[in-house]
Amino acid sequence: MAWTSPKTWSSEPLTSLDLNTYMRDNQNHLKDRLDASASQIVSGLSELSSTSNAFVDVDATRLALTLTTHGGDVLLGFTGAAKCSRDTGAVYFNVAVDGANYIADDGIVSCQIAQSGDSRKLKPFSFVLLITGLSAGQHTFKLRWKASNNNTVSMDIVKLHPQFWAKEI
Amino acid sequence: MDIVIQRELEAELLDLAARLALGGATSGVSSGGGLSRVHLAEANPPDQARASDLLRSFGALEVASSASAFQQGGPAPVLSSSDPRLAADGELACVVLRGGQESSRGYGKVKDGAFSLSLRQLVPGAYTVLLQRTRGDYASGVLRFRVDKAS
């Protein structure tokens, strides 16, 4: 249901056609947008790990969302915990929108593990990202990550349960 | 592109194996959710076939260690293999990890189809060794042992 710019009435008769277009259909449009959301809370028997130094899906099925939008922007959020295997390692996060990295270079957020002996310890990660310019229709959103410095990055989904969500606004 | 197998392998070891076998053609590996993936930079059929072999035959090489625990200063660990796949091989690539970090790498000779390598002067720690063919169809083996302080 597309949005129709509201009409300004003056003295013409109020018709059922106009009421349906400007009141019913627009309210349905707004309600549909409010209702459009998708969310995954991930659990598993073993942690997710990657050594890739290019962005790859963290989990192509469980940290992936499909949302049918109505032409509005989408708010994406992630909360979870990740760790690196090396003191000098870093983990970088990004999202793929319809299969393409949404942010260039090193993505959205990163944690550089310092030379403090705290490698292999989980660090909390959380971000919210506004996705703009999406056409109305079905879209996929996937959480991606990459590692640096011959590093293995891991995400706990056994005792901790990351959430990845999307909501049209 | 990703080459996937429904088998969860240890990411750090699989990464070592993938970089040995594929070099710059791979950006790394992932594991979790019952799957393992080799990430390829390009959809190149020879690299896809090599990555597929790697996932299928990772850990398939029959390898052995002379013991599972050693004492520092005592008899050195001897790694060996008489896997039939080595019949025409001249060497195996060898990567030694101590406590999960790479401590050395090199090649061990295969003579008359038999591989034997003695690791000397090891310091105490938990060791993992990846042995991998350098020619023919892909195959690798993994050994784990411990070196304790001399009592």
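Residues numbered from 1 in each chain as written. Chains lettered and ligands numbered in written order. Predicted model: local features only at pLDDT ≥ 70, side-chain atom pairs only at ≥ 80, totals over all residues.

**Student:** Can you help me understand the overall build of chain A in this one?
**Tutor:** Counting its secondary structure elements, chain A contains 1 helix and 12 strands. The order of helices and strands in chain A, counted from the N terminus, is α-β-β-β-β-β-β-β-β-β-β-β-β. Overall size of chain A, expressed as C-alpha extent along the three principal axes, is 75 × 30 × 25 Å. Expressed as a percentage of its 169 residues, the buried residues of chain A come to 31%. Sequence-distant contacts, at least 24 apart, represent 80% of the contacts inside chain A between residues at least 6 apart. (Helix = DSSP H or I, 4+ residues; strand = E, 2+ residues; numbered from the N terminus. Buried ≥ 20, exposed ≤ 12 C-beta atoms within 10 Å, placed from the backbone. Contact = placed C-beta atoms within 7 Å.)

**Student:** Would you explain the confidence of the model for chain A in this entry?
**Tutor:** When pLDDT is low, close inspection of the predicted coordinates is not appropriate. When pLDDT is averaged along chain A, the result is 91; 97% of the residues meet or exceed 70. The spread of mean pLDDT over the elements of chain A runs between strand S8 (residues 109-112) of chain A, the lowest at 84, and strand S10 (residues 137-147) of chain A, the highest at 97. (pLDDT = per-residue confidence, 0-100.)

**Student:** Would you take a moment to explain the sheet that holds strand S9 (residues 114-118) of chain B for this structure?
**Tutor:** Note on sheets: strands pair through backbone hydrogen bonds, and any given pair is parallel or antiparallel. Residues and elements named next belong to chain B. Read from one edge of the open sheet, 8 strands run S4-S6-S9-S8-S7-S10-S11-S5, paired in mixed fashion. In this open sheet, the two strands that pair with only one neighbour each are strand S4 (64-65) and strand S5 (69-71). Against the sheet, helix H1 (residues 11-22) touches strand S7 (91-98), strand S10 (125-133) and strand S11 (140-148), its axis set at about 35 degrees to S10. (Pairing = 2+ DSSP bridges. Axes fitted to C-alpha atoms, helices over the stretch in contact; angles between N-to-C directions.)

**Student:** How should I be thinking about the interface of chain B and chain A in this particular structure?
**Tutor:** It is common to give the size of an interface as the accessible area that goes away when the parts come together. On the side of chain A, 16 residues touch chain B, which itself brings 13 residues to the contact. Residue contributions to the side of chain B that touches chain A peak at 6 residues, all from strand S2 (residues 26-32) of chain B. Of the residues that constitute the side of chain B that touches chain A, the class distribution is 2 nonpolar, 8 polar and 3 charged. Relative to S2 of chain B, strand S2 (residues 48-50) of chain A is paired through 2 bridges, and the arrangement is antiparallel. Bridge pairing links Ser50 of chain A to Ser30 of chain B in S2 of chain B. (Nonpolar A, V, L, I, M, F, W, Y, C, P; charged D, E, K, R; others polar.)

**Student:** Just to check I follow, could you spell out the pairing of strand S4 (residues 64-69) of chain A for this structure?
**Tutor:** Along a regular strand, successive side chains alternate from one face of the sheet to the other. All names here are of chain A. Burial along S4 is one-sided: Leu65, Leu67 and Thr69 are buried, and none of Ala64, Thr66 and Thr68, which face the opposite way, are. Note that S4 and S10 share 6 bridges and pair antiparallel. In the strand pairing of S10, Ala64 is matched with Lys142.

**Student:** Any chance you could explain the packing of H1 of chain B against helix H2 (residues 45-57) of chain B here in plain terms?
**Tutor:** Residues and elements named next belong to chain B. One way to put it is that H1 packs onto H2 with a least axis distance of 10 Å and a crossing angle of 145 degrees. For the crossing formed where H1 meets H2, the hand is right-handed. In this structure, H1 contributes Ala17, Ala18, Ala21 and Leu22 to the contact, and H2 contributes Asp47, Arg50, Ala51 and Leu54. (Left-handed = near helix turned anticlockwise from the far one by under 90°.)

**Student:** Looking at this model, I keep getting lost on unusual backbone geometry. Mind explaining?
**Tutor:** Phi is positive for Asp105 of chain A, close to 55 degrees, though the residue is something other than glycine. Among the secondary structure elements, Asp105 of chain A is positioned in the loop between strand S7 (100-101) and S8.

**Student:** Looking at this structure, how should I read the confidence of the model for chain B?
**Tutor:** Here chain B averages 93 in pLDDT, and 100% of its residues register 70 or above. Our summary of model confidence lists the complex with pTM equal to 0.86 and ipTM equal to 0.83.

**Student:** Could you clarify how one ought to interpret the nonpolar core in this entry?
**Tutor:** Soluble, globular proteins show a tendency: their nonpolar side chains are buried together. Residues and elements named next belong to chain B. Among the nonpolar cores identified, the biggest contains 36 residues, and Leu14, Ala17, Ala18 and Leu54 are the most heavily contacted of them. Residue assignment for this core shows that the elements contributing at least two residues are H1, H2, S7, S9, S10 and S11. The contact partners of Ala17, leaving out residues within four places of it in the chain, are Leu54, Phe58, Leu130, Gln132 and Ser140. (Core = buried A, V, L, I, M, F, W, Y, C linked by C-beta atoms within 7 Å.)

**Student:** I would appreciate a short explanation of the environment of Phe55 of chain A in the present structure.
**Tutor:** Residue and element names in this part refer to chain A. Structurally, Phe55 is set in the loop between S2 and strand S3 (56-57). Given 23 C-beta atoms within a 10 Å radius, Phe55 is considered buried. For the pair Phe55 and Gly77, spaced 22 residues apart in sequence, the C-alpha separation works out to 18 Å. Beyond its immediate chain neighbours, meaning those up to four positions away, Phe55 contacts Asn94, Asn101, Gly107, Arg144, Trp145 and Lys146.

**Student:** Help me understand the environment of Leu122 of chain B, please; the structure alone is not making it clear to me.
**Tutor:** Residues and elements named next belong to chain B. Along the chain, Leu122 turns up in the loop between S9 and S10. Each C-alpha atom of the pair Leu122 and Val147 lies 7.3 Å from the other, and the pair is 25 residues apart in sequence. Among all residues touching Leu122, those that are not within four sequence positions of it are Pro77, Tyr127 and Val147.

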